[in-house]
Amino acid sequence: MRIGFIGLGIMGRPMAHNLINAGYDLVVHDKFAPTEDFSAEGVPVAASGAEVAAQSDIVILMLPNSPHVLEVLTSEGGVLDGAHEGLIVVDMSSIAPGASQQAHALAAEKGVVFIDAPVSGGEPKAIDGTLAIMVGGDREAFEKARPLLEVMGASVTHVGPIGAGNVTKLANQIIVALNIAAVSEAFTLAAKAGVDAEAVFEAIRGGLAGSTVMDAKAPMILDGNFAPGFRIELHVKDLQNALDTGHNLHAPLPLTAGVMEILQSLVVAGEEKNDHSGIVRYYERLANIEVRRNV
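Residues numbered from 1 in each chain as written. Predicted model: local features only at pLDDT ≥ 70, side-chain atom pairs only at ≥ 80, totals over all residues. Heavy atoms only, no water.

Among the secondary structure elements, Asn65 is positioned in the loop between β3 (58-61) and α4 (66-74). Within the structure, Asn65 has its side chain in polar contact with the side chain of Ser66 (distance 3.5 Å). A distance of 3.4 Å separates polar atoms of two side chains, one belonging to Asn65 and the other to Asn241. Among residues more than four places away in sequence, those in contact with Asn65 are Ser94, Ile95, Lys237 and Asn241. (Helix = DSSP H or I, 4+ residues; strand = E, 2+ residues; numbered from the N terminus. Polar contact = N/O pair within 3.5 Å; in protein donor to acceptor, adjacent residues only side chain to side chain. Contact = heavy atoms within 4.5 Å.)

This structure, assessed with the given rule, holds 2 aromatic pairs. Between the aromatic rings of Tyr282 and Tyr283, the centroid separation amounts to 5.3 Å while the plane-to-plane angle is 90°, which identifies the pairing as edge-to-face. Looking at Tyr282, the relative accessible area reads 26%, which means it is partly exposed. (Phe/Tyr/Trp six-rings, centres within 6.5 Å; stacked < 30°, edge-to-face > 60°. Buried < 20%, exposed > 50% of the residue type's maximum accessible area, 1.4 Å probe, protein only.)

A few words now on the pairing of strand β1 (residues 2-6). In terms of burial, β1 is largely enclosed, as 4 of its 5 residues are buried. With 5 bridges connecting them, β1 and strand β2 (residues 25-29) associate as parallel partners. Pairing of Phe5 across the sheet is with Val28, part of β2. Taking the sense of rotation as the criterion, the β-α-β connection linking β1, helix α1 (residues 12-21) and β2 turns out right-handed. Bridge count for β1 against β3 is 4 bridges, and the pairing is parallel. Its bridge partner being in β3, Phe5 is matched across the sheet by Ile60. (Pairing = 2+ DSSP bridges. Right-handed = clockwise from strand over helix to strand, strands pointing away.)

Further remarks concern unusual backbone geometry. Negative phi is the rule for most residues except glycine; trans is the rule for most peptide bonds. A positive phi angle is found at His250, which is not glycine, with a value near 60°. Looking at the secondary structure, you find His250 in the loop between α11 (232-249) and α12 (254-268). We note that Asn288 has phi near 55°; this positive angle belongs to a residue other than glycine. The residue Asn288 is located in the segment after α13 (279-287) in this model.

For α13, every residue scored as buried is listed here: Ile279, Val280, Tyr283, Glu284 and Ala287. Viewed along the axis of α13, the buried residues span an arc of 140°, placing them on a single side of the element. Against the buried residues of α13 lie α8 (164-192), α10 (212-223) and α12. Asn288 sits one or two positions beyond α13 and adopts a positive phi of about 55°. (Arc of directions from axis to C-beta.)

With that settled, consider α8. Taking 1.5 Å of rise per residue, 29 residues should cover 42 Å, and α8 covers 42 Å from first to last C-alpha, within 8% of that figure. Immediately beyond the C-terminal end of α8, within one or two residues, lies Gly194, with a positive phi of roughly 85°. (Expected span 1.5 Å × (residues − 1).)

Before going further, it helps to examine the pairing of strand β8 (residues 153-160). Put simply, side chains in a regular strand alternate between the two faces of the sheet. Across 6 bridges, strand β7 (residues 131-136) lies against β8 in parallel orientation. Across the sheet, residue Gly136 finds its bridge partner in β8, namely Gly160. This β-α-β element, β7 to helix α7 (residues 139-152) to β8, shows right-handed connectivity.

Phe5, Met15, Ile60, Val90, Met92, Ile133 and Leu149 are the most contacted members of the largest nonpolar core, which has 33 residues in total. Breaking this core down by element, the ones donating at least two residues are β1, α1, β2, β3, β4 (88-91), β7 and α7. Among the elements that make up this core, the one with the highest residue count is α7 (6 residues). Once you skip the residues sitting within four places of it in the chain, Met15 turns out to touch Phe5, Met62, Met92, Val119, Ala126, Leu131 and Met152. Of all hydrophobic cores here, the second largest spans 23 residues; its members include Ala46, Val79, Ala96 and Val112. (Core = buried A, V, L, I, M, F, W, Y, C linked by side-chain atoms within 4.5 Å.)

See below:
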């Protein structure tokens, strides 16, 4: 079985390398990211999505947003130009559920099965192969792709029909953003009151307020380290997809809208490339204080 991999950015690159290290035969393509490391490993680098599709049994996509996925699929020289009957496309990008459904319909016209399989965990978990992967679409195609997904993820869950994976990812992104905002707000209160924020973190992390998000992001906040694991601009993209989907479904998302405006203010401040733990910077400016470790 040969695997095509398109999208070798911050997330896709380590995911592809994990598949190679697990013994899978890959062919890769990216118009913008460097590919020399793959060539050095003897991995074929294709000139187009069509070339990838023609050589592959399963094609994995890891792209920034809905328009990129649709372009890679349907443009001249795209995946569907080189597709063959029975090809499976596993889209691991985080895109709008409606775009997944559109891509699925376009792929079906060519005899291609498209499933959505977005991930959570950011670059660190992409590197160590412990992503959470949520999959929507054809169950038989999912089962064929499952061994690949289990190389890249610690949990792999089929959650429903096409688009359900990205609905689940949007739910995940809402919870993560609101959790970081809550941690930021609470730690800013503590710092303003003269209480050591690190001590607050250690006191509450084992209780009901504790979370994986707080464990991952509180140390970054306390260190003032906003080097991106997951950039603010990408979280803006995900929350916009969540809000658009909510509006289409008449599902009000008032808390999501609130944290979206916080993120937008950080974009205006030129901090869009920072990690989303930088949400704390919004609160720090409001309170005129920094939330940092006592040294």
